[in-house]
Amino acid sequence: MQHFLLLTITGLCTAGVFAIAASGLVLTYTTTGIFNFAHGAIGMLGAFTYWQLHVEWGLPTWLAVALVLLVIAPSLGVVLELGIMRRLQDTSEAVQLVVSVSLLAAALNLGLLVWSPQEAHPITRFWEGSNVKILGVALSWHQTFSFLLAVAVAIGLRVLLYRTRAGVTMRAAVDDRPLAALNGARPDRSAMLAWAIGCSLAALAGILTAPELGLQHLFLTLLIVNAYAAAMIGRLRSLSLTFLGAMILGLADAYGQGYLPKGNDYVIGFRSAIPVVILFVVLLALPQSRLRGHVSARSREWFPSPTYSGSLTAAALLLAGVAVVATLVTDADALQLTRLFAFAIIALSLVPLVGYGGQISLCQMSFAGIGAIVMAHNGAAGQPATLALVAVVCGVVGAVIALPALRLSGIHLALATGAFAVILDRWIFNLPSFNIGAVRVGFFDQGTVPVHRLHVPGIEPTSERAELVVVAALFCVLALLVVGVRRSRYGERLLAMRDSPAACATLGMGLTATKLAVFALSAAIAGVGGAVYGGALGTVGANRFTFFDSLPLLLLTVVGGIGSIGGAVFAGLVLYGIPLVANSWSDLDIPVRSLPGLRDVGDLLALTPGLMGIGLGRNPNGVVRDVAARFDPALKHPAVFGGLGVALALLVGAVETDTIGGWWFGTLAIVAIFATPLVAQLVGAGGGRSHDTDVPLEWLGIDRPFTAADVRAIDAVVALPDVTR
Amino acid sequence: MTRLRGLALASVLVLLGASCGRSDSPQPAAVASSSAAPAEARLDGGSFGDLANVCRATDASGQKASGATGRGVTDTEIHVGTVTDKGSDIKAGLNKEMFDAAVAFTTWCNLHGGILGRKIVLDDLDAKLLQYNDAITAACGSDFALVGGGAVFDSDDNGQAVQCGLANIPGFVTTAGARRADLTVQPVPNPVDKLPVGGYRAVDSISPGALQHYGVLTGNVPTTQQVRDSNVEAIGLLGGAVVYSAEYTVFPGETQWRPFVDDMKNKGVRVFELIGEPTNLQGLQAEMVTAGFFPDVTLVNTNFYDSKYAAEGGANAKNTYIRTIFFPLELKDENAATADYLSLMSRFNPSGKIAQLGIQGTSAWLLFAQAASACGSQLTAQCLIDKAKVSSWTGGGLHAATNPGANSPSTCGLLLKVDGNKFVYDDKDTKPNQGKFNCADNNVVTLTSSVPH
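A. Here's a closer look at the overall build of chain B. Assigned secondary structure in chain B consists of 15 helices and 14 strands. A globule of 453 residues ought to have a C-alpha radius of gyration of about 22 Å, and chain B, at 21 Å, matches this closely. Each of the three principal axes of chain B carries a C-alpha extent, and together these read 70 × 45 × 40 Å. Buried residues in chain B amount to 63% of all 453 residues.

Here is the structure:
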């Protein structure tokens, strides 16, 4: 009984911190519609800032806490709202999610740069050493205070939302933003206030947790995952249900800790997965969300449909390029490039799912992990046939996951797939192998397993360069498959589902089969990618395929352009291409070491994807389209494009005859490619687009009658086909 | 973003077991002037601790070594790699002290003529935690041997190092595979079938009879589980009894430590051991303060010999002891080799990090230099390994004597007590009988049932 009491009381104290964190999460979500993945990272920054003020600079506790909670954290919230979140109106949920994930990455990196994990950050509890006895259980004042504070926060927020003008405005903005604005409310101000309070609550949770569990960057950042479940019990709306959810969570955590066996390999991982299991169950129990009807009408995102001829040409050019590069690079670099393409295959799996179908998934790396496991246990000789098995197993798992998640969409679907990923990486992937009947089910053998490379008959399996070409070819084949899906009737249905699920349902289109199929297809591609990714890495463990690996995958693909194959290539390029370039640059010894906290160029580059993601609000269509648009004039000017071809051919010739080295080849090739749009501009390509009338367009037909040339000019400006012919 | 990529590993990291002691040890402000002068003189004379002529241009008969006797070996050079995880995104600078020591040692060694005239060319093999296989692939392309390094996931190369004939004299090894790999000689052995138990014996003097009430807590990862299994078997062999054994989740980490404390209290744990990272003990001991319960003895491994732990968790560390076979930095004035290590670092790599693992790496480099010199013009991987298998090794006096030849750990050890924010040598409970160490043959036991297959 005493043990039960103790578990209950300590569980409730932990629950207090969860409740505070979850309320902040709910408040920002209800007011702005953005689920802030960076909530925990902001809490971490708050805790470290408190440490800096109190421990390092010696400010009294109350003053340090007040400064963080009332000045610094709210200011951060306001800055985030003004600088980033406000621009996310009219973007898809995938883009909004990616922006907050980028913020998480940026905040985490900032924390690591400013407060080195190598240094000691001693921190004591409030009223260190003084205890209080509740029902015979000794508790520190700090813990008791945390719980009381959580209750106070819950009451305070309730009063704010229901008894103050600002609160009523906030709720009005949630219910109907345009209507609230029409009635003289200022939704932007409400959003700013919500972000300020949200950040402050995150910081409070951080400050309360840090003395109990240590000032650890990652731990504080990730702890908040536990609060997701609490927020979801409150359906991301109700603060009182969220509070209740936090209590349930804290108690489940404590009872699991106290009563589940602590030496059993099958159970131990389950204990840490309890919060996400609850999250998953709660999501499944959610009532069916209303089908959205007007998503694409507001969206600024648009991806053109790829053509077969263009795609085939691109694939051929890519393969030719890879074949040339393969002869130039070292074995180690070839291995790195192989990983680039393997990773790009995993990223490719997101294109039909998120880009076409509009279904957000945060568990693609988990599918990849399953692919790697199947390859490791069944592909001892690296037979390509094993890839078929991989695709089938992952496809089935993907469909099984999609089944319960069918009713979900948007952020709920993202969290459900995320919960699945966490259940896998905290629990399932770490299980010892077991038998179901005659079938041995093995995972990562509680450590790492070797994965064999693909062995295509007739191609030397030990050569890193041959492997590079094989994996690049596999990428091209799968990319063409995805292009095929996009251009098929099924692809049209996917787009329709993304644009307006309600319209699809009205027209009698079955969303169920469409969703199941796209999940299965996506999981199969991710699994195949994971199998070759594992082969390129040699040895893999569960730590390669976690929820937190799926986040950058989605981030980079969205930044690249989620609706196009280029986005997938971009993801591979950033993750594996940039480090390659950074390595060769670090030999040049660019003096970034003088900047605080940076070791080399790689550190600087590590920050960029996060920053790119944050910039997505401005350009939700991704980097690749942006870049491609710049090449448009060059493509329309055969002489310039041909010139590029000749220049590249000359460079290849030069490097093959050893006239220049590989480093010079790379540098000059990049210069040549990026100089092309400039050259095209200089020689006047693309100039034909501007109209050549003598009066401003809007005065045509008024100042003088229309001519055929005028109509052509107007057509050109509004990008309509020429109708005068 | 690459940092985020590996997040999941967050705390699976430094889980090195009994004798492999990884740590960021306390950093003395400066080398004490009293010992600096003799240390400089020794280093200038080519000696380190009690080892003379560590590196020199010719052998006793005036001959230089020559011949391209192996990969990375020429008339004038030997290419040697030091593997670390220092470039890790998640744990930036992990094991960096080992590479820093390698830089200082090789600079000093080459200044004195290298290995019989061959200069050591140091290759930086950064495994970055998850890229051990890549590091070994690189080494297999150019290096003669691996010396003075260590990596957390050191069997991720699937035996590639042995297949390509790479000799290894590591600073530490962690995984069961690496702990018994071929072509490896450990200067500070950490075999899977022998365990130093001097620390447990010392417990009897601190709290008689306490070993009958032994409790252990470890992270749920294979490396530490293996250490736990070995320790539990050893407790049985010593006549003790395990009353409590539990695991905590390494990732994402425990949110509630109190139930562990309550369990331990109810089971009457008197000797407690935590196998894992210091931050976990910090969380646990903070709750022990609240609950008002502390075991008579809390025993931890050398990875707690870390100034960060002392600063963050020292205040709550009651009855906490660290066992080690290394001469503590706190006693540098009483030990020539420790003073030499500090002098070596301050003169040849002043920006380098000074820590326990750097000392461990230096011991490996000294053994390499001695063995490679003994091979002379017949320097092959096999010769290096054969000559490194000496039966007694102290790293010039950096640590108590080990037996690398038999891959047997030291029969000596000492205890440090955590005292506020610092570590103090515990003379009373160590019961030294050889210098600062307590040495006895029965300080090492042979394991059977807990040896992994």
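More follows now that the structure is in view.
B. Region of interest: the overall build of chain A. Secondary structure assignment for chain A yields 30 helices and 6 strands. Each principal axis of the C-alpha atoms in chain A carries an extent, and together these give about 85 × 75 × 60 Å. Classification of the 725 residues of chain A by burial places 52% in the buried group. For chain A, the share of sequence-separated contacts (at least 6 apart) that also reach a separation of at least 24 residues comes to 76%.

C. How the structure looks around helix 18 (residues 385-405) of chain A. The end-to-end C-alpha distance of helix 18 of chain A, which contains 21 residues, comes to 31 Å, matching closely the 30 Å that a straight helix rising 1.5 Å per residue would cover. Buried residues of helix 18 of chain A: Thr386(A), Leu387(A), Val390(A), Ala391(A), Cys394(A), Gly395(A), Val397(A), Gly398(A), Ile401(A), Ala402(A) and Ala405(A), and no others.

D. Layout of the packing of helix 15 (residues 331-348) of chain A against helix 23 (residues 511-537) of chain A. Residues and elements named next belong to chain A. At a minimum axis distance of 7 Å, the contact between helix 15 and helix 23 shows a crossing angle of 165°. On the basis of the axis angle, helix 15 is roughly antiparallel to helix 23. Between helix 15 and helix 23 lies a crossing whose hand is left-handed. Within the contact between the two elements, helix 15 uses Leu335, Thr338, Arg339, Ala342, Phe343, Ile345, Ile346 and Leu348 and helix 23 uses Ile525, Ala526, Val528, Gly529, Gly530, Val532, Tyr533, Ala536 and Leu537. Looking at the contact of helix 15 with helix 23, its residues break down into 13 nonpolar, 3 polar and 1 charged.

E. Spatial organisation of the interface of chain B and chain A. Contacts between chain B and chain A engage 46 residues on the former and 54 residues on the latter. Only helix 1 (2-5), helix 4 (132-142), strand 7 (242-248), helix 9 (258-267), helix 10 (278-291) and helix 11 (307-313) of chain B provide two or more residues apiece to the side of chain B that touches chain A. With 6 residues, the top contributor of residues to the side of chain B that touches chain A is helix 10 of chain B. Here the residues of the side of chain B that touches chain A are counted per class, giving 18 nonpolar, 17 polar and 11 charged.

F. Up close: the nonpolar core. Counting 224 residues, the largest nonpolar core has Ala21(A), Leu279(A), Ala344(A), Ile345(A) and Leu348(A) as the members making the most contacts within it. Tallying contributions element by element places helix 8 (residues 187-213) of chain A first for this core, with 17 residues. Apart from the residues lying within four places of it in its own chain, the contact partners of Ala344(A) are Phe475(A), Ala568(A), Val569(A), Ala571(A) and Gly572(A). Formed by 120 residues, the second largest nonpolar core is a distinct cluster that contains Ala101(B), Ile136(B), Leu195(B) and Ala369(B).

G. Summary view of the packing of helix 10 (residues 225-233) of chain A against helix 12 (residues 268-285) of chain A. All names here are of chain A. Look at helix 10 against helix 12: their axes get within 8 Å of each other, and the N-to-C directions meet at 25°. Judged by the inter-axis angle, helix 10 sits roughly parallel to helix 12. Crossing of helix 10 over helix 12 shows left-handed handedness. On helix 12, the residues that touch Val225, Asn226, Tyr228, Ala229, Met232 and Ile233 of helix 10 are Pro275, Val276, Ile278, Leu279, Val282 and Leu283. Class assignment of the residues belonging to the contact of helix 10 with helix 12 gives a composition of 11 nonpolar, 1 polar and no charged.

H. Structural detail: the environment of Ile235(B). Residue and element names in this part refer to chain B. Turning to its location among the elements, isoleucine 235 is positioned in helix 8 (residues 222-237). Residues isoleucine 235 and glutamine 212, 23 residues apart in the sequence, show an inter-C-alpha distance of 8.8 Å. Leave out the neighbours within four places in its chain, and isoleucine 235 touches Tyr200, Leu211, Tyr214, Gly240 and Val242.

I. Representation of the sheet that holds strand 4 (residues 167-169) of chain B in the model. All names here are of chain B. Overall, parallel pairing links the 4 strands, which are arranged 2-1-3-4 in an open sheet. At either margin of the open sheet sits one strand with a lone partner, and together these are strand 2 (119-126) and strand 4. Between one strand axis and the next, the sheet turns through 30° on average, direction left out of account. Summarising the sheet, strand 1 (residues 77-84) and strand 3 (residues 145-147) pair through 2 bridges and their orientation is parallel. Residue pairing for strand 3: valine 80 is matched across the bridge by alanine 145. Across the sheet, helix 4 touches strand 1, strand 2 and strand 3, and the angle it forms with strand 2 is around 155°.

J. Geometry of helix 3 (residues 61-83) of chain A. Residues and elements named next belong to chain A. Its 23 residues place the ends of helix 3 31 Å apart at the C-alpha level, agreeing with the 33 Å of an ideal helix rising 1.5 Å per residue. In the structure, helix 3 departs most strongly from a straight axis at valine 68, where the bend amounts to approximately 35°. Considered for burial, the residues of helix 3 that qualify are Ala64, Val68, Ala73, Pro74, Leu76, Gly77, Leu80 and Glu81.

K. Just unusual backbone geometry, in detail. For Asn95(B), which is not glycine, the phi torsion reads 60° and is therefore positive. Inspection of the secondary structure assignment puts Asn95(B) in the loop between strand 1 and helix 3 (96-111).

L. Fine view of the pairing of strand 2 (residues 137-140) of chain A. Residue and element names in this part refer to chain A. Across 4 bridges, the pairing between strand 1 (residues 131-134) and strand 2 is antiparallel. Bridged to valine 132 within strand 2 is leucine 139. Counting the residues in the hairpin turn of strand 1 and strand 2 gives 2 residues, including leucine 135, whose phi is positive at 50°.

M. How the structure looks around the pairing of strand 10 (residues 320-324) of chain B. Residue and element names in this part refer to chain B. The element strand 10 is largely enclosed, with a buried count of 5 among its 5 residues. Between the parallel elements strand 9 (residues 297-300) and strand 10, the chain passes through helix 11 in a crossover that is right-handed. In terms of strand pairing, strand 10 meets strand 11 (residues 412-419) through 4 bridges, oriented antiparallel. Paired with isoleucine 322 across the two strands is leucine 416, which belongs to strand 11.

N. Structural context of the confidence of the model for chain A. All names here are of chain A. Taken over all residues, the pLDDT of chain A has a mean of 84, while the share at 70 or more is 90%. Of all helices and strands in chain A, the one with the weakest mean pLDDT is helix 13 (residues 295-298) (48), whereas helix 2 (residues 39-56) scores best (95). Confidence drops under pLDDT 50 across residues 588-602; counting only partners more than four residues distant or on other chains, this segment forms 19 contacts. Here residues 685-691 is modelled with pLDDT under 50, and outside its nearest four sequence neighbours on either side it reaches 14 contacts, counting other chains as well.

O. Representation of the confidence of the model for chain B in the model. Residue and element names in this part refer to chain B. Confidence along chain B averages 88 in pLDDT terms, with 91% of residues attaining 70 or more. Mean pLDDT in chain B bottoms out at helix 1, which sits at 43, and peaks at strand 3, which reaches 97. For the stretch residues 1-36, pLDDT sits under 50, and the model shows 134 contacts to residues farther than four places along the chain or on other chains. In the model output, the complex is listed with pTM 0.86 alongside ipTM 0.85.

P. View of the environment of Val261(B). Residue and element names in this part refer to chain B. Considering the arrangement of structural elements, one finds valine 261 in helix 9. By the C-beta count within 10 Å, which is 25 here, valine 261 ends up buried. Once the C-alpha coordinates of valine 261 and phenylalanine 293 are considered, the two residues, 32 residues apart in sequence, prove to be 7.6 Å apart. Among residues more than four places away in sequence, those in contact with valine 261 are Leu284, Glu287, Met288, Ala291 and Phe293.

Q. The environment of Gly46(A), seen in detail. Residue and element names in this part refer to chain A. One can find glycine 46 in helix 2. The class for glycine 46 is buried, based on 27 C-beta atoms found within 10 Å. Along the chain, glycine 46 and serine 272 lie 226 residues apart, while their C-alpha atoms are 25 Å from each other. Apart from the residues lying within four places of it in its own chain, the contact partners of glycine 46 are Val68, Ala73, Ala202, Ala203, Gly206 and Ile207.

Cut-offs and rules
Each chain carries its own residue numbering, running from 1 in the written order of its sequence. The order in which chains are written sets their letters, starting at A; the order in which ligands are written sets their numbers, starting at 1. Per-residue local features are limited, in this predicted model, to residues with pLDDT of at least 70; the limit for side-chain atom pairs, both in listing and counting, is 80 or more; totals at the level of whole chains, interfaces and linings are taken over all residues. Here a strand is any run of E in DSSP of at least two residues, a helix any run of H or I of at least four, and the numbering for each starts at the N terminus. Here the radius of gyration uses the C-alpha set of atoms, whereas the globule reference equals 2.2 Å times the residue count to the power 0.38. Three exposure classes are used, based on other C-beta atoms lying within 10 Å of a residue's own C-beta, which is placed from the backbone: buried for 20 or more, exposed for 12 or fewer, and partly exposed in between. Each residue gets a C-beta atom placed from its backbone, and two residues are in contact if those atoms lie within 7 Å. Expected helix span is taken as 1.5 Å per residue step, with the number of steps being one fewer than the number of residues. Here the axes come from fitting lines to C-alpha atoms, over the contacting stretch only for helices, and the angles between their N-to-C directions go from 0 to 180 degrees. Every angle not falling under 35 degrees, over 145, or within 65 to 115 is termed oblique; those three ranges are roughly parallel, roughly antiparallel and roughly perpendicular. Throughout, a crossing is termed right-handed when the near helix is turned clockwise from the far one, and left-handed when it is turned anticlockwise from it by less than a right angle. Under the convention adopted here, Pro, Cys and the residues Ala, Val, Leu, Ile, Met, Phe, Trp and Tyr are nonpolar, Asp, Glu, Lys and Arg are charged, and Gly plus all remaining residues are polar. In this description, a nonpolar core means buried residues of the types Ala, Val, Leu, Ile, Met, Phe, Trp, Tyr and Cys, linked to one another by C-beta atoms lying within 7 Å. Strand pairing requires that DSSP identify at least two bridges connecting the strands. Throughout, the bend at a residue refers to the angle made by two axes, fitted to the seven residues ending there and to the seven starting there. A clockwise path from the first strand over the helix to the second, with the strands pointing away from the viewer, defines a right-handed crossover. As a per-residue measure, pLDDT tells how confident the predictor is, with possible values from 0 to 100.

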